[in-house]
Amino acid sequence: EKGLVGGRYSGGAGAKTAITIDSGTPEKVPASDASRYIPQAEPVLTLKQYLEALSFHIKDPDLGIFTPESRRFFRQWLVTDAQQDNEFRRLLRNLPAAEVRIAGERAVIFFPVADRQVAPYFLRRGSEGWMLDFTGMNRWIAFNHKNQWHFKSLDHPYRFGFEHLAFDRHGFPHERPK
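Residues numbered from 1 in each chain as written. Predicted model: local features only at pLDDT ≥ 70, side-chain atom pairs only at ≥ 80, totals over all residues. Heavy atoms only, no water.

Quick look at the nonpolar core
Here comes step 1: Residues Tyr50 and Tyr121 are the most contacted members of the largest nonpolar core, which totals 39 residues.
Here comes step 2: Sorting the residues of this core by element identifies α1 (43–55), α2 (68–76), β4 (106–110), β5 (121–125), β6 (130–132), α4 (134–140), β8 (149–151) and β9 (165–167) as the ones contributing at least two each.
Here comes step 3: At five residues, the largest contribution of residues to this core is made by α1. (Core = buried A, V, L, I, M, F, W, Y, C linked by side-chain atoms within 4.5 Å. Buried < 20%, exposed > 50% of the residue type's maximum accessible area, 1.4 Å probe, protein only. Helix = DSSP H or I, 4+ residues; strand = E, 2+ residues; numbered from the N terminus.)

Okay, structure coming up:
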């Protein structure tokens, strides 16, 4: 029978890898130049700092460009070079089309909805400047099997940034008819 090897289905041609179950996430090394990645005066400047951190595969969860809640989030979240490379390419390609909306101490950086693979970024302003709110993004943004973003719920404090859009019953954004 096709796929059988020695009476058993082949599952890796004998490849073996030792792993420790429940070993947690790999140790996150502090960035040697973490002082470069600090809150900025404008939301887009903070996003550009993040873009640079992605380009250097910096995985330090304690960068100043992250809100304190996001720092705690990233201490527990596995981040890979491949994820950073994908996000870097998407963000670099779409950054010229970014739009910023600010309401008080919160900001949204969003991109044209024609490419739903480019999720919006949420930011909060602290005493030093704008910081990325990945905790909020993780709480309210989800992705489908095509890696298209949508909201888990429309009831969130960043809703002001999307008043120009319509949302279907699944939380996917659509341009409002003109």
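What to know about the sheet that holds β5
Here comes step 1: The strand order across the open sheet built from four strands is β3-β4-β5-β6, with neighbouring strands paired in antiparallel fashion. Of all the strands in the sheet, the pair left with one neighbour each is β3 (99–103) and β6. Neighbour-to-neighbour, the strand axes of the sheet open up by a mean angle of 25°, direction not taken into account.
Here comes step 2: Where β5 lies against β6, three bridges are found, and the strand directions are antiparallel. Each residue of the ladder has a partner; that of Leu123, found in β6, is Leu132.
Here comes step 3: Contacts from α1 reach β3, β4, β5 and β6, with the element oriented near 45° to β6. (Pairing = 2+ DSSP bridges. Axes fitted to C-alpha atoms, helices over the stretch in contact; angles between N-to-C directions. Contact = heavy atoms within 4.5 Å.)

Section: the pattern of salt bridges
Pairing between side chains becomes possible if they bear opposite charge and their charged atoms approach one another.
Here comes step 1: For the coordinates displayed, the defined rule picks out six salt bridges.
Here comes step 2: Notably, a salt bridge pairs Arg124 with Glu69, separated by 3.0 Å at the nearest N-O pair. Taken as a pair, Arg124 in strand β5 and Glu69 in helix α2 lie far apart in primary sequence, 55 residues in all.
Here comes step 3: We classify Arg124 as partly exposed; its relative accessible area is 22%.
Here comes step 4: A relative accessible area of 29% places Glu69 in the partly exposed class.
Here comes step 5: Residues Arg125 and Glu105 are paired through a salt bridge, measuring 3.3 Å at the closest nitrogen-oxygen approach. With Arg125 in strand β5 and Glu105 in the loop between β3 and β4, this residue pair connects regions lying 20 residues apart in the sequence.
Here comes step 6: Overlapping salt bridges, with partners in common, bring together Glu69, Arg124 and Asp133 in one network. (Salt bridge = Lys/Arg side-chain N within 4 Å of Asp/Glu carboxyl O.)

So, α2
Here comes step 1: Those residues of α2 that fall on the buried side of the exposure criterion are Ser70, Phe73 and Phe74. All buried residues of α2 project into a common sector of 95° when viewed along the axis, lining one side.
Here comes step 2: Among the structural elements, β6 and α4 are those in contact with the buried residues of α2. (Arc of directions from axis to C-beta.)

Here's the deal with the side chain of Gln40
Here comes step 1: With respect to the helices, strands and loops of the structure, Gln40 is situated in the loop between β2 (8–9) and α1.
Here comes step 2: Exposure remark for Gln40: the relative accessible area of 19% places this residue in the buried category.
Here comes step 3: From its side chain, Gln40 meets the backbone oxygen of Ile38 in a polar contact 2.9 Å long.
Here comes step 4: Non-local contacts of Gln40, meaning those with residues more than four positions away in its chain, are made with Leu45, Thr46, Gln49, Gly129 and Trp130. (Polar contact = N/O pair within 3.5 Å; in protein donor to acceptor, adjacent residues only side chain to side chain.)

Limitation: the analysis is restricted to geometry and does not speak to function.
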